[in-house]
Amino acid sequence: MDTLRTPDESPPLGVISIVNTVRCTLIWHALAVVFLTVGTACDADDSSDSTATVVEDASSSVEDTPSSVRDSQRLPGVGLDDADTVPDGPLVVDCCDEEDASWESDSGSKTDVAAPECELASECKDFDNCTDDLCVDGACKYPPIPGCCTADSACDDGIECTADKCNFATLQCSNVPGDNLCCLDASDCNDFNACTTDTCVANQCIHPTTSSGGECGCVLDILCDDSNPCTVDQCISGVCTYDVAPNSNGCCATSEDCSDDDSTTNDICVAGLCWNGSSACELASDCPSLSPCLGADCVEGSCSWLDVEDCCVTDEDCDDGHALTVDRCLSGKCIFALGSPIPCTKASDCVALNGCVSSTCQADAGFCSVAPLGGNGCCTADPDCPSTPDGCGESVCDAFACGVANAQPLIPYWEDDFNAATLQWSVIADASSAKWQLATAQYISAGQSLYYGALPAMTISVGTTAGTVTSPVITPVLSSTVMLSFERNAAVEAITSVDKFWLEVVDEQTGVATEIWNKNYNLGPGLGWKSVLLDISAHVSGPFRMRFQFDSIDDVPGPINEGVYVDDVKIGTPCE
């Protein structure tokens, strides 16, 4: 290995050896300060050249080294000025090939010596509260914290009926259903009724009955309470039963069970309860009210009781003939509810769910009762609703209003859910490790999605990176509106100047490409999956291809750098 020197310079210093102008590390120790102790030689490629020189001759001159070379070899804060001298002791200059560096120990073993980016997590600050700052195997990693947020807008789940909030104390999103009908999945729709199927359709709870028979009237004993202490109120296989309470004083099955052997009293059985009272009266108030369904009166000095109109004793007395309602008798009043009854004390407590139903407060019972109104778009059963086109969902009658279950925005005639064994789209990638490819980390249709990034690291922090992926040829049905829908998750920087992600349609005949969507639609990238629905009729006049593109623009890692995902791409006609 040659030693570079320049003549006629002073004062004398130790000799510095430079190898292949590759990065070198100056190591020396002085009498009082030790910078680093090295007991091995640096071997870059097993060649015979030495890559470290230890110079003990303190009388040698550094004048032979050009100033530009000396400047480039200084340690930070330990540069050599003209007046500097090397402390006594050995001077070690180690030069290692960056591409294949290794330390060779005295025993001959080798270990990698690539300089670590970090040793402690505290060295990896990205000043983003929604990422974990980690040091993994000497490299800084910034994985996003699931559900983390710094603004309410970051918590948008795309569901209209949820309240999307960011808890600024915990930096966690919450997406809370705004009413009893709003749901994220079927578990949000439990109406505790064994006779209904609890289903979440388009984020709205529906409860179609599983049986139209009278046996589906209850699921809990408490729903059968008739306020009569002389009956045992039970729900058995969906049926309310009211047996006379055994061995209970004052309880009866008929009036004959109530005789007290006193000719001056009336002995009657009212709803399983004996009453033995004087028949003498002057006013109706002298006669006790024995049941919500019996009105007391005083007739010619004797008490009598008349049936109260529209009064109920059991749930069976309240059948309104509509399978959509749960019919219950509470405090002698019939309550017809859509799911669990809603308590009320005044009319304003009862709000109709839609224009097809009324809701009134039965003050005596303390609950709201609903009734169908009828009209355009209203129904009492599924067959009352107009059928939907094939592929657009199923017509349902929900809360006496027609709706669609499993609603779809379009009827597809071309689609790709990216669950095939190989990607059917054409990929163009640059020299970076990131590209468009199939991935299993996230998806909508179970299995796989289309992903841009590096695997298995799941990142686009690989330097400047860009690539395209182009679909097979698609022939549109031009006689109808051409609709495009897809799901996307853009886990990239939100600013518009970098991490560009967009979609083009490319005319198959002319090759002209037109941008029809980019990441800044739908309120920007955000976190999580978002749906895209576009009318692309104005951009297609014949066979075309779709082309997704990504370009990081720069090589600076952002706070969110997992990459982008696409799933369930569909071309079709609208369902309306």
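Keep in mind the model is a prediction, meaning the values are calculated, not measured.

Draft legend 1. Structural context of the nonpolar core. Ranked by size, the top nonpolar core spans 34 residues in total, and within it Trp436, Leu484, Met546 and Phe548 carry the most contacts. Mapped by element, the contributors of at least two residues to this core are strand 27 (435-439), strand 28 (449-453), strand 30 (483-491), strand 31 (500-507), strand 32 (513-518), strand 33 (530-535), strand 34 (544-551) and strand 35 (563-574). Those residues within four positions of Met546 in sequence are excluded, and the remaining contacts are Trp414, Trp425, Val469, Thr470, Ser471, Ile474, Leu484, Leu503, Glu504, Val569 and Ile571. By size, the runner-up hydrophobic cluster in this structure holds seven residues, among which are Cys281, Leu294, Cys298 and Cys303.

Draft legend 2. Main features of the state of the cysteines. If you walk through the whole model with that rule in mind, you get 16 disulfides. Shown here is the disulfide that connects Cys392 with Cys575, its sulfur atoms set 2.0 Å apart. Looking along the S-S bond of the Cys392-Cys575 disulfide, the torsion reads about -95°, which is the left-handed sense. Residue Cys392 is found in the loop between strand 22 (367-372) and strand 23 (394-398), and its partner Cys575 is found in the segment after strand 35; the two are separated by 183 residues along the sequence.

Draft legend 3. How the structure looks around the packing of aromatic side chains. Per the counting criterion, the structure on display carries 13 aromatic pairs. Ring geometry for Tyr451 against Tyr565: centres 4.9 Å apart, planes inclined by 35°, an arrangement best described as tilted. Taken as a pair, Tyr451 in strand 28 and Tyr565 in strand 35 lie far apart in primary sequence, 114 residues in all. Judged by relative accessible area, Tyr451 falls into the buried class, the value being 0%. A relative accessible area of 0% means that Tyr565 is categorised as buried.

Draft legend 4. Spotlight on the pairing of strand 19 (residues 326-330). The element strand 19 is largely enclosed, with a buried count of five among its five residues. Joining the antiparallel neighbours strand 19 and strand 20 (residues 333-337) is a turn of two residues, in which Ser331 adopts a positive phi near 55°.

Draft legend 5. The environment of Cys575, seen in detail. Look at Cys575 and you get buried, because its relative accessible area is 11%. Those residues in contact with Cys575 that lie beyond four places of it in its chain are Pro389, Gly391, Cys392, Gln408, Pro409, Leu410 and Ile411.

Draft legend 6. Spotlight on the environment of Ser497. Mapped onto the elements, Ser497 comes out in the loop between strand 30 and strand 31. Note: C-alpha distance between Ser497 and Ile553 (56 residues apart in sequence) is 7.8 Å.

Draft legend 7. Representation of the environment of Phe336 in the model. Counting through the fold element by element, Phe336 comes out in strand 20. The class of Phe336 is buried, set by a relative accessible area of 18%. Beyond its immediate stretch of four places on either side in the chain, Phe336 contacts Cys318, Asp320, Thr325, Val326, Asp327, Cys368, Ser369 and Val370.

Draft legend 8. Just the pairing of strand 33, in detail. Every second residue of strand 33 is oriented toward a common face, the buried set being Lys530, Val532 and Leu534 and the non-buried set Ser531, Leu533 and Asp535. Taken together, the six bridges between strand 30 and strand 33 define a ladder with antiparallel strand orientation. Counterpart to Glu487 in the pairing with strand 33 is Ser531.

Draft legend 9. Focus on the side chain of Thr162. With respect to the helices and strands, Thr162 occurs in strand 9 (residues 162-167). Only 3.0 Å separates the side chain of Thr162 from the side chain of Asp157, close enough to count as a polar contact. Within polar-contact distance, the side chain of Thr162 engages the backbone oxygen of Ile159 at 3.0 Å.

Draft legend 10. Geometry of the pattern of salt bridges. Under the criterion given, the structure shown has three salt bridges. The residue Glu504 makes a salt bridge to Arg547 at a minimum N-O spacing of 2.8 Å. With Glu504 in strand 31 and Arg547 in strand 34, this residue pair connects regions lying 43 residues apart in the sequence. Residue Glu504 is classed as buried on the basis of its relative accessible area of 11%. Where Glu508 meets Arg545, a salt bridge forms, and the shortest distance between an N and an O atom there is 2.8 Å. Highlighted residues: Glu508 in the loop between strand 31 and strand 32 and Arg545 in strand 34, separated in sequence by 37 residues.

Draft legend 11. Geometry of the confidence of the model for the protein chain. Summarising the model, the protein chain shows a mean pLDDT of 76, and 71% of its residues fall at 70 or more. Note that residues 211-215 has pLDDT below 50 and, in this model, seven contacts with residues that lie over four places away or in other chains.

Draft legend 12. Local environment of the sheet that holds strand 31. What the five strands build is an open sheet, ordered 26-29-34-31-32; its pairing is antiparallel. Lying at the two open borders of the sheet, with one neighbouring strand each, are strand 26 (426-429) and strand 32. Strand-to-strand twist in this sheet, taken as the mean axis angle between neighbours without regard to direction, amounts to 20°. Here strand 31 runs beside strand 32; their pairing, made up of five bridges, is antiparallel. Note on strand 32: the bridge partner recorded for Glu504 is Glu515.

Draft legend 13. Looking closely at unusual backbone geometry. Of note, the amide linkage connecting Leu455 to Pro456 takes the cis form, showing an omega dihedral of 5°. Examined against the element boundaries, Pro456 turns out to sit in the loop between strand 28 and strand 29 (466-470). Unusually for a residue other than glycine, Asn406 sits at a positive phi of about 55°. The backbone of Asp568 sits at a positive phi, close to 50°, despite the residue not being glycine. As for its placement among the helices and strands, Asp568 is situated in strand 35. On the basis of relative accessibility, which here comes to 15%, the residue Asp568 falls in the buried class.

Thresholds applied
Residues numbered from 1 in each chain as written. Predicted model: local features only at pLDDT ≥ 70, side-chain atom pairs only at ≥ 80, totals over all residues. Heavy atoms only, no water. Core = buried A, V, L, I, M, F, W, Y, C linked by side-chain atoms within 4.5 Å. Buried < 20%, exposed > 50% of the residue type's maximum accessible area, 1.4 Å probe, protein only. Helix = DSSP H or I, 4+ residues; strand = E, 2+ residues; numbered from the N terminus. Contact = heavy atoms within 4.5 Å. Disulfide = S-S within 2.5 Å. Phe/Tyr/Trp six-rings, centres within 6.5 Å; stacked < 30°, edge-to-face > 60°. Pairing = 2+ DSSP bridges. Polar contact = N/O pair within 3.5 Å; in protein donor to acceptor, adjacent residues only side chain to side chain. Salt bridge = Lys/Arg side-chain N within 4 Å of Asp/Glu carboxyl O. pLDDT = per-residue confidence, 0-100. Axes fitted to C-alpha atoms, helices over the stretch in contact; angles between N-to-C directions.

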